[in-house]
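Okay, here's what each chain looks like letter by letter:
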Amino acid sequence: MNQFLTKRPFLFFSLLLILKSALAYLVIFETPASWLWKPLLNELPFIWILFCLIEFFSAKRKILLYMIVNLLLTGLFFAVIMYYQYYGVIVTYHALDQVNQVTAVSNSVFSLLHPYYLLIFTDIVVLILMAFRNRNRKMWRNLGSLRMPKSVTTVVFVLSLSLCLFQVLPNRASMNEIKKAEEMGILNYEAFTLLADEKKEKPVDKEAITQQAVNELKGINEPADPQFHGAAAGKNLIIIQMESFQNFLIDLKLDGQEVTPNMNKLAHENFYFNKFYQQVGQGNTSDAEFVVNSSFYVPPHGAASGEYVDKELPSQPRLFEANGYDTATFHTNIVEFWNRGELYKALGWNRYYDQQFFGDEDKIFFGSSDEVLYRKTSEKLKEMDDSGKPFYAQLISLSAHHPFTIPERKYKMTLPERYEGTMVGDYVRAQNYADYALGQFIDTLKANGVWQNSLIVVYGDHVGLPKFSLDSKEAGLMKEIYGRDYDYSDMINIPLIIAGDGVTSPRTFDQVGGQVDVLPTVANLMGFSLDGQLHFGEDILNQPYNLLPQRYYLPSGSMISGEVLFIPGNDYDDGTQYPLKGTDSGSTDITEDEYRNALDLLRYSDSYIRQLPDREQPAE
Ligand code: GP9
Ligand code: MN
């Protein structure tokens, strides 16, 4: 090996990096047959460009440079694999603004770390050890003299560069990021996203972005006399955002044991939407807070709490305040996480309660347990209710957070043996605990009278069990739960429940809805006018048709409408139509017009927000 390494470092390191890219391809792309030739064709040219540069410019420390490039590219492949395992996304430099949160989510990161992925660093450890062995030192030092002939390097360089351009240029307009990375090659894709400044895209003129234009794109008409208008007028609004709560939990029984009895009861005694979908992006929980409270879509890159917070956002807290309400939001983590302090100002909340208020009593993961969240919040809500001024309060639960390994003292159920030690089992048990805590909250509010004065809205913030994170045993357990393979549309399916004494009755709605629809639906129930407040969601108590653009957790250009989830290929024509699972009626394909309209809606939302006036910053 020594000989090969020292005489032919170009080939030696090429071989290593090809094997590493093959591992990434095996994990990420669903085309196992191509796992070896694709990396050869797609990754090697980029690697060779770097290696040629070393050959051109370095004499003395050549091996050291090869080792550094090897380390950097290995680190990149490793990050890509790990990130994909959690989010199903090819990570790019855009995720770097999340780095400061990596320590906070370190237990999530470690739970995803299959030891076998660490093998990707084996060669680096071995090479470093070899370099320090005494008898090798001299040999390493002399390597500078061994250069590839300049003519060969030049030919390889020009060929590699041409091949890279040949892979990047035809695929740059591709809609679906995973396809794009597969066609371009992962390294080319990384370089391309870094160099192509997508913010340059010209925004849609703000004069053109009207409610009428949005409604036309969505193909809806607002009824003159909507049902349930003002049915909850004068009530408080309490919105509970449940961490990682997916819809399959509703009515789930494991060997006869009900997992979420309180949510089930709430769903069956009230309005329950079972075809409701997440619309979050990189900002996860905080994006769900943003979408629900603004009725805008998440930005093309980054978290809304990073991208949009300089703006004075038209929002649900502002709408309630304008109608005489007090507003407050409650979460047991610190407010700096996800830059929420700024997000809350942009959304116009009157107050927030974070770790400073909840303390660190009974901590699970980032903050106090859901039991503490609900207990302390219910006291506050009681005070607010007694003040005579109606309120809008949002609660963000936290205990059922990835990796779902809640402490044993919080176990409220016994898992069937086959679920023990799996992420599916841990997830179910954490949600069972979250449901237990929610049950206490409901009981307290019913006992102290706040429940009777309030409209309650409950939904899940986002997926807890990404399809990409499951090993084969866990995929088997999901199959047992669903009675079929667990698929994309299941993954992003969350429940929405609306409950209010004298307002709701037992009823399950099966039209499609998404987080963006909460604001207009609630506004109608409260009897508030949305004239002059642009919203991309719709009142799902009055609109049978919906069109929900998706991004991030599914490739850009994905969308749900009718009975179908559509995921594009490079564009519409090579996309895939996935009938929503569990729908009996025949599904009609999503049309190209609907697809283009969904993309326009995303552009409209982003353009509108970017042209809003900046928020007034208080003088220092
Ligand atoms: C912590 C919470 C983390 O405050 O937002 O949840 P996540 O965004 O990772 O789902
Ligand atoms: Mn979350």
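Residues numbered from 1 in each chain as written. Chains lettered and ligands numbered in written order. Predicted model: local features only at pLDDT ≥ 70, side-chain atom pairs only at ≥ 80, totals over all residues. Heavy atoms only, no water.

1. So, the overall build of the chain
At step 1: On a plain count of helices and strands, the chain comes out with 25 helices and 17 strands.
At step 2: Here the chain has a C-alpha radius of gyration of 27 Å; the compact-globule value for 620 residues is 25 Å, and the two agree.
At step 3: Principal-axis analysis of the C-alpha atoms gives the chain an extent of 85 × 60 × 55 Å.
At step 4: Per-residue burial for the chain yields a buried fraction of 59% across its 620 residues.
At step 5: Here the contacts in the chain between residues at least 6 apart in sequence split such that 75% fall between residues at least 24 apart.
At step 6: Roughly 25600 Å² of accessible area belongs to the chain as shown, and the carbon and sulfur atoms make up 56% of that amount.
At step 7: Taking the 54 positively charged and 74 negatively charged side chains of the chain as two groups, their mean positions are separated by 12 Å. (Helix = DSSP H or I, 4+ residues; strand = E, 2+ residues; numbered from the N terminus. Rg over C-alpha atoms; globule rule 2.2 N^0.38 Å. Buried < 20%, exposed > 50% of the residue type's maximum accessible area, 1.4 Å probe, protein only. Contact = heavy atoms within 4.5 Å. Areas by Shrake-Rupley, 256 points an atom, 1.4 Å probe, with all protein chains shown as cover. Lys, Arg positive; Asp, Glu negative; His and termini not counted. Charge placed at Lys NZ, Arg CZ, Asp CG, Glu CD.)

2. Notes on the pairing of strand β4 (residues 271-277)
At step 1: Of all 7 residues making up β4, 6 are buried, and the element is well covered by its neighbours.
At step 2: As paired strands, β4 and strand β11 (residues 493-500) are joined by 5 bridges and run antiparallel to one another. Within the sheet, the bridge partner assigned to Tyr-272 lies in β11 and is Ile-497.
At step 3: Looking at chain direction, β4 and strand β12 (residues 507-509) are connected through 3 bridges and run parallel. From the neighbouring strand, Phe-271 faces β12, where its bridge partner is Arg-507.
At step 4: The pairing of β4 with strand β13 (residues 513-514) spans 2 bridges and is parallel. Across the sheet, residue Phe-276 finds its bridge partner in β13, namely Gly-513. (Pairing = 2+ DSSP bridges.)

3. A look at the domain arrangement of the chain
At step 1: For the chain, the domain assignment lists domain 1 (2-196) and domain 2 (229-541).
At step 2: Summarising the inter-unit geometry, the C-alpha centres of domain 1 and domain 2 are found 41 Å apart. (Domains from an automatic or database assignment.)

4. Quick word on the coordination of the manganese ion (ligand 2)
Where a metal carries four tetrahedral donors, each ideal angle is 109.5 degrees; where it carries six octahedral donors, the ideal angles are 90 or 180 degrees.
At step 1: Note on the manganese ion (ligand 2): its protein donors are Glu-243 (OE), Glu-243 (OE), Thr-285 (OG1), Asp-461 (OD) and His-462 (NE2). The metal-donor distances range over 2.1 to 2.5 Å.
At step 2: Motif for the manganese ion (ligand 2), donor spacing along one chain: E-x41-T-x175-D-H. Of this pair, Glu-243 sits in the loop between β1 (236-242) and β2 (253-254) while Thr-285 sits in helix α15 (residues 284-294), and the two are 42 residues apart along the sequence. As far as burial versus exposure is concerned, Glu-243 and Thr-285 are alike and both buried. (Donors = N, O, S within 2.8 Å, 3.2 Å for Na, K, Ca; no water.)

5. Observations concerning the pattern of salt bridges
Note on pairing: side chains with opposite charge can pair once their charged atoms come close.
At step 1: Under the defined criterion, the tally for this structure stands at 31 salt bridges.
At step 2: Linking Lys-38 and Glu-182 is a salt bridge whose minimum nitrogen-to-oxygen distance equals 4.0 Å. Linking Lys-38 in helix α3 (residues 37-42) with Glu-182 in helix α11 (residues 177-184), this pair joins segments that are 144 residues apart in sequence.
At step 3: The class of Lys-38 is buried, set by a relative accessible area of 13%.
At step 4: The buried category is assigned to Glu-182, whose relative accessible area is 9%.
At step 5: A salt bridge links Arg-429 to Glu-420; the nearest nitrogen and oxygen atoms lie 3.3 Å apart.
At step 6: By relative accessible area, Arg-429 is classed as buried at 5%.
At step 7: Look at Glu-420 and you get partly exposed, because its relative accessible area is 32%.
At step 8: Residues participating in the shared-partner salt-bridge network are Asp-362, Glu-371, Arg-409 and Lys-410. (Salt bridge = Lys/Arg side-chain N within 4 Å of Asp/Glu carboxyl O.)

6. What to know about unusual backbone geometry
At step 1: Cis peptide bonds are those with omega within 30 degrees of zero, and the linkage from His-402 to Pro-403 qualifies with 5 degrees.
At step 2: With respect to the helices, strands and loops of the structure, Pro-403 is situated in the loop between β9 (391-396) and α21 (423-448).
At step 3: Phi angles above zero are rare outside glycine, and Phe-228 is one such case at about 65 degrees.
At step 4: Backbone geometry places Asp-255, a non-glycine residue, at a positive phi of 45 degrees.
At step 5: Mapped onto the elements of the fold, Asp-255 is located in the loop between β2 and β3 (257-258).

7. Describing a nonpolar patch on the surface
At step 1: Together, Leu-36, Trp-37, Leu-40 and Leu-41 give the surface a local cluster of nonpolar side chains, amounting to about 390 Å² of exposed area.
At step 2: Tracing the sequence through the fold places Leu-41 in helix α3.
At step 3: According to the relative accessible area criterion, Leu-41 is partly exposed, its value standing at 44%. (Patch = residues over 30% accessible without salt bridge, like charges linked within 9 Å, V, L, I, M, F, W, Y side chains within 5 Å.)

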